[in-house]
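The lines below spell out each chain.
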Amino acid sequence: MKHTVGIFFTLVLYFAEAYYTYLPKVTSRLSTSLYSSDRSRRDILRYSISLGTLAITETLAKPAFADVTNKIASQASLRYIKRSIKELEKLELYASQNDYIEMKQGIRGPGISEIRKNAVVLIRGGEDGPEATNLQNAYESFIRDIEALDGAASMGVRGRKGIDMYPSYQKSVNSLVTFADIAARSVETPFQGRNEGE
């Protein structure tokens, strides 16, 4: 639907440009001779058809490039997410000992801090695939779990007693592993061009 609307507006703009560009020439030629105005109208029609064809070709080609770009970027993002799982697993000792300060610093470290950015790349890369909703749901689950872990660590840093981080930590690791598994299936889904998918 988005592509059809884009094609329609592109064609309208090209036809409007052709109309207003050649309208003064047509009206001036109308006064001189009938044959020249017919030829002028023919020129406008040819120009409009060529621009319309160009617009359709360009509009239909852009989504394919976007899909390929997202699929390529998804490979790198998936590698980052898998490294992030290992980094998050290194924080298990802090979670089991309820070391709140180290946990807060750990989840903001370089191996974990860009999970959101890379997860969004993976979601965009798989948005037209069969795993799109599962991928989005797994991401939202991970975000809820990591924010709960961060909240628990924050309360512990502020001095609140009896805050156990380990359950939140386990949920965070499990939800990130689930997200990575779904993302891996989504990335492995072969790219389907317009002609192949129809």
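Quantities reported herein were computed from a predicted structural model and do not represent experimental measurements. (Residues numbered from 1 in each chain as written. Predicted model: local features only at pLDDT ≥ 70, side-chain atom pairs only at ≥ 80, totals over all residues. Heavy atoms only, no water.)

### Focus: the packing of helix α6 (residues 132-157) against helix α7 (residues 166-188)
Two numbers describe how α6 lies on α7: the axes approach to 8 Å, and their chain directions differ by 160°. Our classification of the angle between α6 and α7 gives roughly antiparallel. By crossing handedness, the relation of α6 to α7 is classed as left-handed. Facing N134, L135, A138, Y139, S141, F142, D145, I146, A148 and L149 of α6, the residues of α7 in contact are S168, Y169, K171, S172, S175, L176, F179, I182, A183 and S186. Looking at the contact of α6 with α7, its residues break down into 12 nonpolar, six polar and two charged. (Axes fitted to C-alpha atoms, helices over the stretch in contact; angles between N-to-C directions. Helix = DSSP H or I, 4+ residues; strand = E, 2+ residues; numbered from the N terminus. Parallel < 35°, antiparallel > 145°, perpendicular 65-115°, else oblique. Left-handed = near helix turned anticlockwise from the far one by under 90°. Contact = heavy atoms within 4.5 Å. Nonpolar A, V, L, I, M, F, W, Y, C, P; charged D, E, K, R; others polar.)

### Re the environment of A95
Here A95 shows up in helix α3 (residues 92-96). Separated by 58 residues in sequence, A95 and A153 place their C-alpha atoms 9.0 Å apart. Those residues in contact with A95, other than ones at most four positions away along the chain, are M103, M165, Y166 and Y169.

### Examining the environment of I182
Tracing the chain through its elements places I182 in helix α7. Judged by its relative accessible area of 9%, I182 falls in the buried class. In this structure the C-alpha to C-alpha distance between I182 and A138, which are 44 residues apart in sequence, comes to 7.9 Å. (Buried < 20%, exposed > 50% of the residue type's maximum accessible area, 1.4 Å probe, protein only.)

### What about the side chain of D150?
Its location among the elements puts D150 in helix α6. A polar side-chain atom of D150 sits 2.8 Å from a polar atom in the side chain of R108. With residues near it in sequence (within four places) discarded, D150 still touches K104, I107 and R108. (Polar contact = N/O pair within 3.5 Å; in protein donor to acceptor, adjacent residues only side chain to side chain.)

### As for the packing of helix α4 (residues 100-107) against α6
Where α4 contacts α6, the two axes come as close as 8 Å, and the packing angle between them is 140°. Once α4 is placed against α6, the crossing between them reads as left-handed. Residue-level inspection shows Y100, I101, M103, K104 and I107 of α4 in contact with α6, the latter providing I146, L149, D150, A152, A153, S154, G156 and V157. Along the lines of polarity and charge, the residues of the contact of α4 with α6 split into nine nonpolar, two polar and two charged.

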